[in-house]
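# Structural overview
Here is how the chains run, residue by residue.
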Amino acid sequence: MNILVVGGAGYIGSHAVRALFQAGHAVRVFDSLEYGHAAAVPGGTLTVGDLADRDALELVLRANAIDAVMQFAAYTSVPESVTDPARYYKNNLVGSLNLLEAMRAVGCKKIVFSSTAAVYGIPDHVPILESSPKKPINPYGFTKLAVEHAMADYASAFGFGFAALRYFNACGAATDGSIGEDHRPETHLIPLILQVALGQRQNVAVFGTDYPTPDGTCIRDYIHVEDLADAHVRAIERLIPGQGMTYNVGTGSGFSVREVIDACRRVTGHPIAVVERPRRAGDPPALVASSDAIRRDLGWSPRFTTVEPIVASAWAWHSTHPNGFEG
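Now for a quick tour of the structure.

Rules behind the numbers
Residues numbered from 1 in each chain as written. Predicted model: local features only at pLDDT ≥ 70, side-chain atom pairs only at ≥ 80, totals over all residues. Heavy atoms only, no water. Helix = DSSP H or I, 4+ residues; strand = E, 2+ residues; numbered from the N terminus. Rg over C-alpha atoms; globule rule 2.2 N^0.38 Å. Buried < 20%, exposed > 50% of the residue type's maximum accessible area, 1.4 Å probe, protein only. Contact = heavy atoms within 4.5 Å. Areas by Shrake-Rupley, 256 points an atom, 1.4 Å probe, with all protein chains shown as cover. Lys, Arg positive; Asp, Glu negative; His and termini not counted. Charge placed at Lys NZ, Arg CZ, Asp CG, Glu CD. Core = buried A, V, L, I, M, F, W, Y, C linked by side-chain atoms within 4.5 Å. Pairing = 2+ DSSP bridges.

## Description of the overall build of the protein
When helices and strands are counted, the protein shows ten helices and 14 strands. At 19 Å, the protein has a C-alpha radius of gyration in line with the 20 Å of a compact globule built from 327 residues. Once the C-alpha set of the protein is aligned to its principal axes, its extents read approximately 55 × 45 × 40 Å. Looking at the protein as a whole, 54% of its 327 residues are labelled buried. Contacts in the protein between residues at least 24 apart in sequence constitute 78% of all its contacts with a sequence separation of at least 6. Entry remark: accessible area of the protein is about 13400 Å², with carbon and sulfur atoms responsible for 52%. Of the side chains in the protein, 27 bear a positive and 33 a negative charge, and the two mean positions are spaced by 2 Å.

This is the structure in structure tokens:
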């Protein structure tokens, strides 16, 4: 297929681009480069443009005879979404609607959407099922859930085939060390810990040590970025016109903040200084996915199921690219 990856210069999108090429698809990337990196994209595949530009979206879809779309382009900072909700609704929701309308105009009706566990809010039970109540507690989660509903409506009204992949804590880097995580500013736990090992920050903050978990710190489901990319490829190859698929993508296992820090210490051989801080509002004690549905329906299963190999892949990237894609 000819596949357009919107946001394909970003962290998860760039790994999906590689997986698509490896699966034999032709790929075009559309990215504003506001947060993405041109160096993460294979040469000759990038079109620089913005989700707000409906005409640019329609042009790239037509010019490349696109059969299906992967949509990764979104703002993802939960705290920022709370302080600047308009920015998130304009980009994540209105921008995605622009994309859907551009697709409809050119007759491209297949899309895989990068959704999130944030649609569940604070879950009543773990592991979380796809049928668990959707109660987002921030604008970021609301925008993602709204796009899920929009895609379902486009499936009903216009025959779109879609997949919404709700994933948990994306982490790790390409196993060949060539691409990885490079956010400015960085907010994800593993890169923040590794920055301490690299001497780029003095310590890592642990927010809350009194949760009802074995060691008192939050537990999360860490899913390797290459396993996420594999899920996207499997989903896009199974889309059915007029129907939708919604899946959690996680390992089904949770690891605490302290366990991740300890794994980083073992992998890097560096002491990691920790500063304990109060809980952050809205942080659930545990978020762990049930991924039974995607395993059953798409034959997907994660290759990375423990923390140390995930950290090792991230360390291979960060230790050789301490300034990210700038070197």
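## Considerations on the nonpolar core
Grouped together as the largest cluster of nonpolar side chains are 36 residues, with contacts concentrated most on L165 and V249. Listing elements by their share of this core, those giving two or more residues are strand 1 (2–6), helix 1 (11–22), strand 2 (26–31), strand 4 (68–71), strand 6 (161–167), helix 7 (225–236), strand 11 (244–249) and helix 9 (292–298). The element that contributes the greatest number of residues to this core is helix 7, accounting for seven residues. Other than its neighbours up to four places away in sequence, L165 contacts V112, F113, S114, S115, T116, A231, H232, A235, Y247, V249 and I294.

## With respect to the sheet that holds strand 14 (residues 286–287)
Ordered by their spatial adjacency, three strands build an open sheet running 12-9-14, and the pairing between neighbours is mixed. Each edge of the sheet is formed by a strand with only one pairing partner; in this case those strands are strand 12 (255–256) and strand 14. Two elements, strand 9 (residues 219–220) and strand 14, share two bridges in a ladder whose sense is parallel. Looking at strand 14, one finds that R220 is bridged to L287.

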